[in-house]
Amino acid sequence: MTQPPKGARRSYGVKAAPYGFLLPAAVLFVLFFALPIGYAVRLSFHKVEIKGLGLGKGARSEVWAGLENYASALTDSEFLASSLRVLGYGAIVVPVMLGLALLFALLLDAERVRGRSFARLAIFLPYAVPGVIAAVLWGFLYLPDVSPFHYLLEKAGLPQPDLMDGGPLYLAMSNIAVWGGTGFNMIVIYTALRALPAEVYEAAKLDGCSELQIALRVKIPMVVPSLVLTFFFSIIATLQVFNEPMTLKPLTNGIPSTWSPLMKVYNDAFTGGNIHAASATAVVLALATFAFSFALLRISNRRTTQGASR
């Protein structure tokens, strides 16, 4: 039996090496990402059929449901209401968070700023706090009985707003998201600013531009790709909001168990015991998030292309 030449074995090993490095990541992707998604999609097309009183062996069986669960999810008033609440929540969080992130990044990138390293760390630090802990921390600051802010307002004879009920609840939860997410977006934008060539700034200064003019006419247009990236991340995180309302729910009666779409999924699966309806709702939410992000990406790319052609 003839042996392949040594050069061929060495060449085959070199070509196969990248696949060997990718294999662990591919296995983890399949086990913890692809398979759970596939299983959720499978569950969404089935339902539990109960015979008689539902007691005894064989009384409950899983049967094919087709699009029944999807039709129920799309016509569910609670799911539609939760989606509208999240859109209102996102209308507050996304512009405020990205606006602050851009402002902080521009300030840190200024030439005469002092304590840049400390300021960058201080702004980024809230992002390192887990979302549940941040929600608990702010939740107790909002509660009138234990909040130091309410105590100071009471001593000063000023009105004490209830931030855990009604319209102010949106501002309270938005504040938690803005406090925790501004630092990450600021770092992304600030990194893009630091990567810009210094020659561009020098040319703008030679033309007589001030710091404000350089920021508005040079820096912001050149970091638009980073702004688009952070915008997409923020939109996806907003549509998937869960930690803040779920953590604050035991502290107030103003948050229903289906306040956000993911809370609706959690409630159907673990409180109502209808894992098939919850899977269909989750798939609908995932498809809506993908479609929304894809549409925004196409619009952004189109405007970028038109701007470049001009």
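The preceding data block contains the structure.
The structure displayed is predicted, hence computed values, not measured ones.

A. Up close: the environment of aspartate 207. Inspection of the secondary structure puts aspartate 207 in the loop between helix 8 (198-206) and helix 9 (211-222). Take aspartate 207: its relative accessible area is 65%, and that puts it in the exposed class. Taking the C-alpha atoms as reference points, aspartate 207 and lysine 264, separated by 57 residues in sequence, lie 57 Å from one another.

B. Spatial organisation of the nonpolar core. Within the largest apolar cluster, 23 residues are counted, with the highest numbers of intra-cluster contacts made by Tyr89 and Trp259. Contributing elements (two or more residues each) for this core: helix 3 (77-109), helix 5 (131-142), helix 7 (168-194) and helix 10 (224-239). Beyond its immediate chain neighbours, meaning those up to four positions away, tryptophan 259 contacts Ser82, Arg85, Tyr89, Leu169, Tyr170, Met173, Val241 and Pro245. Counting residues in each nonpolar core, the second largest holds 19 residues, with Ile123, Met186, Ala192 and Val218 among its members.

C. View of the environment of alanine 119. Counting through the fold element by element, alanine 119 comes out in helix 4 (residues 116-128). The exposure class assigned to alanine 119 is partly exposed, which follows from its relative accessible area of 22%. Along the sequence, alanine 119 and phenylalanine 104 sit 15 residues apart, while their C-alpha atoms lie 9.2 Å from each other.

Conventions and cut-offs
- Each chain carries its own residue numbering, running from 1 in the direction its sequence is written.
- In view of the model being predicted, local features appear only for residues whose pLDDT reaches at least 70, and side-chain atom pairs are presented and counted only at 80 or more, with totals across whole chains, interfaces and linings using the full set of residues.
- Only hydrogens and water are set aside when side-chain values are computed; all heavy atoms of the structure are taken into account.
- Under the DSSP-based scheme used, a helix requires at least four consecutive residues in state H or I and a strand at least two consecutive residues in state E, with every element numbered from the N terminus.
- The rule is simple: take the accessible area with a 1.4 Å probe, protein chains only, and divide by the maximum for that residue type; under 20% is buried, over 50% is exposed, in between is partly exposed.
- In plain words, nonpolar cores are sets of buried Ala, Val, Leu, Ile, Met, Phe, Trp, Tyr and Cys residues tied together by side-chain atoms within 4.5 Å.
- Contacts were defined at the residue level, with two residues in contact if any of their heavy atoms lie within 4.5 Å.

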